[in-house]
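# Fold and geometry: a report
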Amino acid sequence: MKKFMFILLLALCLGLNISIYSQDQNAGVQITAEKISDNIYILSAVDQFEINVVASIGPDGILLVDAGSIAVGQRLGNILDSLSDSTVKYIINTHFHNDHTGGNRYFQAIATIISQSNVAERMAGKYYALTPQPEPGTPDTTFEDEFSMIFNGEEIRVKHFPSSHTDCDAVVYFTKSNVACLGDLLFPDNFPYVDVPGGGDVDGYYSTAGKIIEWLPKDVKLVPSHGRIYTIDEMRKYQDMLAQTIGIVRKQMAEGKSLDEMTEAGILNEWEAWGKWYIINPESWIRWIHQSLTKASAPVIVSICQPLTETIMTAGIDDAVKQYHSLKAEHAGDYIFDENELNNLGYQLMARNMLDAAVEIFKLNIEAYPESANTYDSMGEAYMKRGDKELAIRNYEKSLELNPGNDNAKWALEKLRGE
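So, here is what we can say about the structure in this document. Since the structure is predicted, the reported quantities are computational estimates derived from the model, not experimental observations.

## Focus on empty space enclosed by the protein
This model, assessed by the stated rule, comprises one cavity of 30 Å³ or more. Reported here for the largest cavity is a volume of approximately 40 Å³. Around the largest cavity, the lining residues are Asn52, Val54, Val65, Asp66, Thr94, Cys181, Leu182, Gly183, Val223, Pro224 and Ser225. When residues of the lining of the largest cavity are traced back to their parent elements, those giving at least two are strand 4 (49-58), strand 12 (179-183) and strand 13 (221-224). Per element, the largest residue contribution to the lining of the largest cavity is three residues, and it comes from strand 12. Looking at the lining of the largest cavity residue by residue, the classes come out as six nonpolar, four polar and one charged.

## Considerations on the nonpolar core
Judged by nonpolar contacts, the single largest core of 65 residues is most densely connected at Leu43, Leu64, Leu76, Leu80, Leu222, Tyr238 and Trp285. With seven residues, the single largest contributor to this core is helix 6 (residues 232-254). Counting residues in hydrophobic clusters, the runner-up holds 35 residues, among them Val321, Phe362, Ala382 and Ala412.

## Considerations on helix 6
In this model helix 6 runs 32 Å from its N-terminal to its C-terminal C-alpha over 23 residues, within 8% of the 33 Å that 1.5 Å per residue would give. What helix 6 keeps buried is the set Ile232, Met235, Tyr238, Gln239, Met241, Leu242, Thr245, Ile246, Val249 and Gln252. One or two steps after helix 6, the chain reaches glycine 256, where phi turns positive at roughly 90°.

## Side note on the packing of aromatic side chains
Geometry of an aromatic ring pair is reported as the spacing of the ring centres plus the angle between the planes. With the rule as written, the count across this model stands at 12 aromatic pairs. Aromatic side chains tyrosine 238 and tryptophan 274 sit 6.1 Å apart centroid to centroid with 50° between the ring planes, which places their arrangement in the tilted category. Note that tyrosine 238 is positioned in helix 6 and tryptophan 274 in the loop between helix 7 (259-265) and helix 8 (282-297), a separation of 36 residues in sequence. Here the two residues tyrosine 238 and tryptophan 274 agree in accessibility, since each one is buried. Relative to phenylalanine 362, the ring of tyrosine 347 has its centre 5.6 Å away and its plane inclined at 70°; by these criteria the two rings are edge-to-face. With tyrosine 347 in helix 11 (residues 339-351) and phenylalanine 362 in helix 12 (residues 355-368), the pair connects residues that are 15 residues apart, well separated along the chain. By way of ring pairs, the aromatic residues Phe161, Tyr173 and Trp215 are connected into one cluster. In this structure, lysine 159 is placed above the aromatic ring of tryptophan 215, and the distance from its NZ or CZ to the ring centre is 4.4 Å.

## With respect to helix 10 (residues 317-330)
The terminal C-alpha atoms of helix 10 lie 20 Å apart, and with 14 residues this matches the ideal 20 Å at 1.5 Å per residue to within 8%. Within the sequence span of helix 10, burial applies to Ile317, Ala320, Val321, Tyr324 and Leu327. Taken down its axis, helix 10 places every buried residue within 135° of arc, on the same side. For helix 10, the exposed residues lying more than 90 degrees away from the buried face are Asp318, Lys322, Ala329 and Glu330.

## What about the pattern of salt bridges?
Within this structure, the stated rule accounts for 13 salt bridges. For arginine 417, the salt bridge identified is with glutamate 397, shortest N-O distance 2.5 Å. Taken together, the positions of arginine 417 in helix 15 (residues 407-418) and glutamate 397 in helix 14 (residues 389-402) put the pair 20 residues apart, joining distant regions of the chain. Lysine 398 is the salt-bridge partner of glutamate 401, the closest N and O atoms lying 3.5 Å from each other. Placement of the pair is glutamate 401 and lysine 398 together in helix 14, with a separation of three residues, close to one helical turn. Here glutamate 401 falls in the exposed class, since its relative accessible area comes to 55%.

Rules of the game
Throughout, a residue's number is its position along its own chain's written sequence, starting from 1. Given that this is a predicted model, residues contribute local features only at a pLDDT of at least 70 and side-chain atom pairs are listed and counted only at 80 or more, while totals for whole chains, interfaces and linings are drawn from all residues. As a rule here, side-chain values come from all non-hydrogen atoms in the structure, and water together with hydrogens is ignored. Any residue with an atom within 4 Å of a point lines the site, the site being either a cavity, points on a 1 Å grid over the protein atoms alone where a 1.4 Å probe fits but cannot get out, or a pocket, an open set with protein on both sides within 12 Å along at least 5 of 7 lines. Grid points are joined across faces, edges and corners, and a volume is the space filled by probe spheres set on the points. Secondary structure is summarised from DSSP: a helix means a run of H or I of at least four residues, a strand means a run of E of at least two, and numbering begins at the N terminus for each. For this classification, Asp, Glu, Lys and Arg are treated as charged, while Ala, Val, Leu, Ile, Met, Phe, Trp, Tyr, Cys and Pro are nonpolar and the rest, including Gly, are polar. Definition used in this section: a nonpolar core is a set of buried Ala, Val, Leu, Ile, Met, Phe, Trp, Tyr and Cys residues joined via side-chain atoms within 4.5 Å. Exposure categories follow from relative accessible area, calculated using a 1.4 Å probe and restricted to protein chains: below 20% of the type maximum is buried, above 50% is exposed, and the middle band is partly exposed. Multiply 1.5 Å by the residue count of a helix minus one, and that product is the helix's expected span. Only rings of Phe, Tyr and Trp enter the pairing, Trp through its six-membered ring, and a pair is recorded when the two centres are within 6.5 Å. The plane angle decides the type: under 30 degrees is stacked, over 60 is edge-to-face, the rest tilted. Throughout this description, the term charge over a ring refers to an Arg CZ or Lys NZ atom that lies within 6 Å of the ring centre and within 35 degrees of the ring normal. In this context, the arc is that of the directions from the helix axis out to the C-beta atoms. Salt bridges are identified by distance alone: a Lys or Arg side-chain nitrogen within 4 Å of an Asp or Glu carboxyl oxygen.

Shown next as structure tokens:
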């Protein structure tokens, strides 16, 4: 250990671009640290998929941009101890998704956790009629539009971009280091995931890409939460992809094409190279665009999860399943029945340990979207959490059959078969 620390200190003194490796073999989580400026490190973790956490380390202590998933956050302390004797003073969350905020809980006793106000509201556990389930590590300090602070000798500017990936996305810009943390406002070399139920909007996502390009210097390093560093020129190409693919779907919708017709026709097949991440492929991107554009142009309608959660809490999951079929048959135009709606409800139920109910909701989603790899992936996770190993394997296998690039299913199957 002493030899390792000597080599580490020598590398830091020489200003070398170092890479440090930390792994917990039992957990299967790997974390590497790469120094990209005097104070800034990218901590890249692999927990089913790649997650980037950015750390500013200097005389004022440690500031993190996001804290990764629960499994990643649990192990961040080890690699931070390798880099500094300081403690984590601040965490700035880029948005509310659990792979960015799950690790907050391990630092909440020592750090101030900062986010856009909608992050704190969503993490407070409000979800229609379900019992609130406040998440550990909910931010204790919030902002609305933007703020700045001085830490480790540089100004850090944080700006909210609403109605983009979610309704609470923020970019964190380290002005001296010239590093900007984009969270999920950038999925390098991939179609984005736009969480429409979470306040996201595809047109807003495209618009935000342009605003980021205008705001930041041309030589800035753009660090996403998943994947490689981008340049501003690459961001322009990314924005062009967004414009063209959204435009294709919008034109098809204007011609009266249904979602099924568009996916079956493969209208984005020529863009397939942009669909390599396990939940993001041309078909899913078409669905998210269609959902967002439909929501924007249609009268305000509520999610099917609103009545379902009320029934689950008052009468139970069996009655909720009957209600779902009845409403879909007789009032399809009055509710949002998109795949993401039921998927979110299933995970909300899992978070409350209502596993039997979650399984039934995921079954409804598979019934509605039998060709979606993600529906089977979610069902596999529910069965795995419930302890139904064989059923979990069966669903992960089906997910992998539909999407051979689903790394999460590969990881889960390896774990299940190794038990």
